[in-house]
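A closer look at the structure
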Amino acid sequence: KQEVTQIPAALSVPEGENLVLNCSFTDSAIYNLQWFRQDPGKGLTSLLLIQSSQREQTSGRLNASLDKSSGRSTLYIAASQPGDSATYLCAVRREAYNNNDMRFGAGTRLTVKP
Amino acid sequence: GAGVSQSPSNKVTEKGKDVELRCDPISGHTALYWYRQSLGQGLEFLIYFQGNSAPDKSGLPSDRFSAERTGGSVSTLTIQRTQQEDSAVYLCASSPYASSYNEQFFGPGTRLTVL
């Protein structure tokens, strides 16, 4: 059974710092891995999706990497801003066409202090 | 365009009462999912609807939980005889059937508190 773990559970940094969020998964046979952002009272917003054949994806100040063999992904946030404060979730999908097979981590709650 | 909407945003109920949670998916999306997010836990899959096919109910935690989707659009998740452990945020998501990687678009959730 796939288990997804995110460390740390919470992180507080001053504005401007670069930071890394970690996601690990126990079964390396994945189809893709996705990073989401969740703001209080709002749903999840997809940030980056990495297919199993890819090693990283970039969007603006965000960079996500994937190392399937070691069962790890990192989300790198450059020059953090107070608006980045949110909970960040990673999710892995095992199969392309099994729509109920996404497994989520518990998330990392990020606070960026001005 | 309009995203996934859910109602109510918050629901407080007494133990033993029944509750209904509603999800309006994005227009045209044929797939609809319900998840439960308990405090400090990851999202837990509950049920999945795809078009007119029979729903995948494999994630429902007990027979107190049920869901229906009328006309391939709006969905209602019903919890009967609520228990305190049912307290959680219930998230709904929809996705287009033909999406290349079936990206799911999430609603804001319903926070359920069972006293």
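Before reading further, recall that the structure is shown in the block above.
About the thresholds
- Residues numbered from 1 in each chain as written.
- Chains lettered and ligands numbered in written order.
- Predicted model: local features only at pLDDT ≥ 70, side-chain atom pairs only at ≥ 80, totals over all residues.
- Heavy atoms only, no water.
- Helix = DSSP H or I, 4+ residues; strand = E, 2+ residues; numbered from the N terminus.
- Rg over C-alpha atoms; globule rule 2.2 N^0.38 Å.
- Buried < 20%, exposed > 50% of the residue type's maximum accessible area, 1.4 Å probe, protein only.
- Contact = heavy atoms within 4.5 Å.
- Areas by Shrake-Rupley, 256 points an atom, 1.4 Å probe, with all protein chains shown as cover.
- Lys, Arg positive; Asp, Glu negative; His and termini not counted.
- Charge placed at Lys NZ, Arg CZ, Asp CG, Glu CD.
- Disulfide = S-S within 2.5 Å.
- Salt bridge = Lys/Arg side-chain N within 4 Å of Asp/Glu carboxyl O.
- Phe/Tyr/Trp six-rings, centres within 6.5 Å; stacked < 30°, edge-to-face > 60°.

1. Focus on the overall build of chain A
Helix and strand counts for chain A stand at zero helices and 11 strands. Order of helices (α) and strands (β) in chain A, N terminus to C terminus: β-β-β-β-β-β-β-β-β-β-β. The C-alpha radius of gyration computed for chain A amounts to 14 Å, which stays within 12% of the reference 13 Å derived for 114 residues, consistent with globular compactness. With the C-alpha coordinates aligned to their principal axes, the bounding extent of chain A is approximately 40 × 30 × 20 Å. Residues classed as buried in chain A amount to 46% of the 114 residues present. Taking all contacts inside chain A whose residues are at least 6 apart in sequence as the whole, residues at least 24 apart take part in 55%. With the model as given, the accessible surface of chain A reaches about 5,500 Å², and the carbon-plus-sulfur share is 46%. Of the charged side chains in chain A, 12 are positive and 10 negative; the average position of the first set lies 3 Å away from that of the second.

2. What to know about the state of the cysteines
Residue and element names in this part refer to chain B. In the structure shown here, the tally under the stated rule is two disulfides over all chains. Disulfide partner of Cys23: Cys92, at an S-S distance of 1.8 Å. Because the sign of the S-S torsion sets the handedness, a value of about -60° for the bond joining Cys23 and Cys92 places this disulfide among the left-handed ones. A residue pair is termed long-range when its members are at least 10 positions apart, and Cys23 in strand S3 (residues 19-24) and Cys92 in strand S8 (residues 88-95) qualify at 69 residues. Judged on exposure class, the residue Cys23 and its partner Cys92 are both buried.

3. Digging into the pattern of salt bridges
Residues and elements named next belong to chain A. Following the criterion strictly, the structure yields six salt bridges over all chains and no others. A salt bridge links Asp39 to Arg37; the nearest nitrogen and oxygen atoms lie 3.0 Å apart. With relative accessibility at 16%, the residue Arg37 sits in the buried group. One salt bridge in this structure joins Arg61 and Asp84, with 2.8 Å as the shortest N-O distance. Highlighted residues: Arg61 in the loop between strand S6 (56-59) and strand S7 (62-67) and Asp84 in the loop between strand S8 (72-77) and strand S9 (86-93), separated in sequence by 23 residues. By relative accessible area, Arg61 is classed as partly exposed at 31%.

4. Brief notes about the packing of aromatic side chains
A full pass over the atoms with the stated rule returns eight aromatic pairs over all chains. A centroid spacing of 5.5 Å and a plane angle of 75° characterise the contact between A:Phe104 and B:Tyr35, whose relative ring orientation is edge-to-face. Of the two residues, A:Phe104 sits in strand S10 (residues 102-104) while B:Tyr35 sits in strand S4 (residues 31-37), which places them in two different chains. The residues A:Phe104 and B:Tyr35 share a single accessibility class, namely buried. Geometrically, the ring pair formed by B:Tyr33 and B:Tyr35 is stacked, given 6.2 Å between the ring centres and 20° between the ring planes. Side by side, B:Tyr33 and B:Tyr35 carry an identical accessibility label, which is buried. Through a chain of ring-to-ring contacts, three or more aromatic side chains come together here, namely A:Phe36, A:Phe104, B:Tyr33, B:Tyr35, B:Phe45, B:Tyr48 and B:Phe106.

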